[in-house]
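Observations on the model geometry
Letter by letter, the chains look like this.
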Amino acid sequence: MRGRELLGELDAFLTETERDLVAFRRDLHMHPELAFAEYRTTQKIAERLTAAGLTPSVLPRGTGLICDVGSGDGPTVALRADIDALPLQDEKDVSYRSTVPGVCHACGHDVHTTALLGTGLFLAQQAAAGLLPGRVRLLFQPAEELPGGALEVMAHGGISGVDRVFALHCDPRVDVGQLGIRSGPITAACDRVVVRVSGPGGHTSRPHLTADLVFALAKILTELPAALSRRVDPRSSLSLVWGRVEAGSAANAIPNDGIAEGTIRCLDEEAWHAAPDLIKSLLESVASAYGIEAAMEYTRGVPPVVNDEVSVEMLGEAAERALGAGSAVPTPQSLGGEDFAWYLESVPGALARLGTRTPGGLTYDIHQGSFDIDERAIAMGVRVMATTALTALWEVTPLDAVSTVVA
């Protein structure tokens, strides 16, 4: 059967290329680049794809690229990897430690990139042998951490004509050889809110002659999150968490102004769209009760990633086939943001979590300078992505066409 043949071909491909892929990942890890500055990374990817006979198209800014594998006939499945790094110092004592001060791959994007590169090289072999029942589009996306890179890809036709789209994200809480899957919301919307308050200040001995701005700001900090918990369906997981507060400069003086900054996170798209107006009305209500002026700046980040059920089934089937029975495991929802969500507003698809933890070893966390992976995860990522792409193509290819490909 074609499934057994595929696994044998993947085994042979990885036997030949896994060491090279690990070296490629280490090179990216040593030379991380921030959002929309991934020029070297883009060049390295393009060179490898071109050497394999493919024709990558670099995005107009010069960072990120799109590359089709296979003919234009039949369905099209897109696979996405993000390529940017984080503004963090690499704290690991390893030979491939970042050589760029204050910048490192602490979220696994170098792994995503390498796994997708390996997948593209394998699928190019399949296409050359006439074994690809459609087209696979490789999306090497810049600026996921900004975010904004997904919109850049979409603006230049990245998902035009695409039937399904898939992505993997490293998860240091999941053992290597496992794939975390979940239908429905898997990550949250993530927005930024800034509240600026002002009012007549004065001496702390006479608060009744002022707006007592610090007290009023404290009420905003506590009452807005509390009110949201009663005004929004709790199943949407809409939350407001403050990260920065500033007001005043002396213990005996009530200031004239203050500021609070925080993030809004949400798992439900409808609640996410309604959040700005709701928060603004709650802010105005609290501010008026204490006689202060309050202005809000609300900056949209990303919508929630809501996985399509059929696409998740494809990922799970591919994992069980490529990694072994029991390798597809449930994964919890996360309130982290991920701009893969923008693709899913237009095309069905799914994001899965690639296990990167050595069984019995340390559990790292992402966005930490100590983050690292079990490098066997790279080959696992290739196996899952390649098998998922072919599974999706076979699912939407007419049976007579599949028979021709299998034969």
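Structure: above.
Just so it is clear, the structure is predicted and the values come from calculations on it, not from any experiment.

**Examining the side chain of Asp 82**
- The residue Asp 82 is located in strand β3 (residues 76–82) in this model.
- A polar contact is formed between the side chain of Asp 82 and the side chain of His 112, at a distance of 2.6 Å.
- Among residues more than four places away in sequence, those in contact with Asp 82 are His 109, His 112, Thr 113, Gln 141, Glu 144 and Glu 338.

**Regarding the environment of Gly 360**
- Topologically, Gly 360 is positioned in the loop between β16 (349–357) and α9 (376–396).
- The class for Gly 360 is exposed, based on a relative accessible area of 84%.
- Residues Gly 360 and Asp 175, 185 residues apart in the sequence, show an inter-C-alpha distance of 8.5 Å.

**Let's talk about the sheet that holds strand β1 (residues 57–58)**
- The eight strands lie next to each other as β1-β2-β4-β3-β5-β16-β6-β15, forming an open sheet whose pairing is mixed. One side of each edge strand has no neighbouring strand; the edge strands of this open sheet are β1 and β15 (328–330).
- By the bridge criterion, two bridges tie β1 to strand β2 (residues 65–69) in an arrangement that is antiparallel. Residue Ser 57 lies in a different strand from β2, and its bridge partner there is Ile 66.
- Strands β1, β2 and β4 (135–141) of the sheet are contacted by helix α2 (residues 39–51), whose axis makes an angle of about 15° with β2.
- Along the sheet, helix α3 (residues 109–128) makes contact with β2, β3, β4, β5 (164–175) and β16, crossing β3 at roughly 150°.

**Quick notes on the packing of aromatic side chains**
- On inspection of all chains with the given rule, the structure shows four aromatic pairs.
- With centroids separated by 6.4 Å and ring planes inclined at 70°, the aromatic side chains of Trp 272 and Trp 342 adopt a geometry described as edge-to-face. Taken as a pair, Trp 272 in helix α6 (residues 269–289) and Trp 342 in helix α8 (residues 341–344) lie far apart in primary sequence, 70 residues in all. The burial state of Trp 272 is the same as that of Trp 342; both residues are buried.
- The residue whose ring lies beneath Arg 300 is Trp 272, and the NZ or CZ to ring-centre distance is 4.1 Å.

**Overview of α3**
- The terminal C-alpha atoms of α3, which comprises 20 residues, lie 28 Å apart, in line with the 28 Å expected from a rise of 1.5 Å per residue.
- Phi turns positive, to about 75°, at Gly 130, one or two residues after α3.

**Side note on the nonpolar core**
- Counting residues in hydrophobic clusters, the biggest one holds 63 residues, and the most contacted among them are Leu 49, Leu 79, Leu 123, Leu 138 and Phe 140.
- For this core, the element with the highest residue contribution is α9, accounting for twelve residues.
- Contact partners of Leu 138, with chain neighbours within four places excluded, come to Leu 49, Leu 65, Ile 66, Cys 67, Val 69, Leu 79, Leu 116 and Gly 120.

**Some points on the pairing of β3**
- Here β3 lies mainly inside the structure; seven of its seven residues are buried.
- Alternating positions in β3 separate into two faces, Thr 76, Ala 78, Arg 80 and Asp 82 on one and Val 77, Leu 79 and Ala 81 on the other, with burial throughout.
- Note that β3 and β4 share seven bridges and pair parallel. The partner of Ala 81 across the bridge, within β4, is Phe 140.

**Notes on the side chain of His 29**
- Among the secondary structure elements, His 29 is positioned in helix α1 (residues 2–30).
- Polar contacts involving the side chain of His 29 include one to the side chain of Asp 110, which spans 2.7 Å.
- With near-sequence residues (within four places) excluded, His 29 lies in contact with Asp 90, Lys 92, Tyr 96, Ser 98, His 105 and Asp 110.

**Focus on the environment of Gly 64**
- In this fold, Gly 64 is placed in the loop between β1 and β2.
- On a C-alpha basis, the gap between Gly 64 and Asp 277 in space is 35 Å, while along the polypeptide they are 213 residues apart.
- Those residues within four positions of Gly 64 in sequence are excluded, and the remaining contacts are Thr 42, Ser 57, Val 58, Leu 59, Ile 83, Phe 140 and Pro 142.

**Description of the sheet that holds strand β10 (residues 239–247)**
- Spatially, the four strands line up as an open sheet ordered β10-β12-β8-β13, and their pairing is antiparallel. Of all the strands in the sheet, the pair left with one neighbour each is β10 and β13 (293–302). Averaged over all adjacent pairs, the angle separating strand axes in this sheet is 15°, with direction ignored.
- Sheet topology places strand β8 (residues 189–198) next to β13; eight bridges connect them, and they run antiparallel. Within the sheet, the bridge partner assigned to Val 194 lies in β13 and is Glu 297.
- Running over the sheet, helix α5 (residues 213–231) touches β8, β10 and β12 (257–266) and is turned about 170° from β10.
- Contacts from α6 reach β8, β12 and β13, with the element oriented near 165° to β13.

**So, the packing of α5 against α6**
- With their axes 10 Å apart at the nearest point, α5 and α6 run at an angle of 130° to one another. By the angle between their directions, the pair α5 and α6 is classed as oblique. Between α5 and α6 the crossing geometry is right-handed. Seen from α5, the contacting residues are Lys 219, Ile 220, Glu 223, Leu 224, Ala 227, Leu 228 and Arg 231; seen from α6, they are Leu 278, Ile 279, Leu 282, Leu 283 and Val 286.
- Here the contact of α5 with α6 is built from residues that sort into nine nonpolar, no polar and three charged.

**A few points about the environment of Leu 138**
- Mapped onto the secondary structure, Leu 138 falls in strand β4.
- Exposure remark for Leu 138: the relative accessible area of 0% places this residue in the buried category.
- Between the C-alpha atoms of Leu 138 and Gly 102, which are 36 residues apart in sequence, the distance is 29 Å.

Basis of the calculations
- Residues numbered from 1 in each chain as written.
- Predicted model: local features only at pLDDT ≥ 70, side-chain atom pairs only at ≥ 80, totals over all residues.
- Heavy atoms only, no water.
- Helix = DSSP H or I, 4+ residues; strand = E, 2+ residues; numbered from the N terminus.
- Polar contact = N/O pair within 3.5 Å; in protein donor to acceptor, adjacent residues only side chain to side chain.
- Contact = heavy atoms within 4.5 Å.
- Buried < 20%, exposed > 50% of the residue type's maximum accessible area, 1.4 Å probe, protein only.
- Pairing = 2+ DSSP bridges.
- Axes fitted to C-alpha atoms, helices over the stretch in contact; angles between N-to-C directions.
- Phe/Tyr/Trp six-rings, centres within 6.5 Å; stacked < 30°, edge-to-face > 60°.
- Lys NZ or Arg CZ within 6 Å of the ring centre and 35° of its normal.
- Expected span 1.5 Å × (residues − 1).
- Core = buried A, V, L, I, M, F, W, Y, C linked by side-chain atoms within 4.5 Å.
- Parallel < 35°, antiparallel > 145°, perpendicular 65-115°, else oblique.
- Left-handed = near helix turned anticlockwise from the far one by under 90°.
- Nonpolar A, V, L, I, M, F, W, Y, C, P; charged D, E, K, R; others polar.

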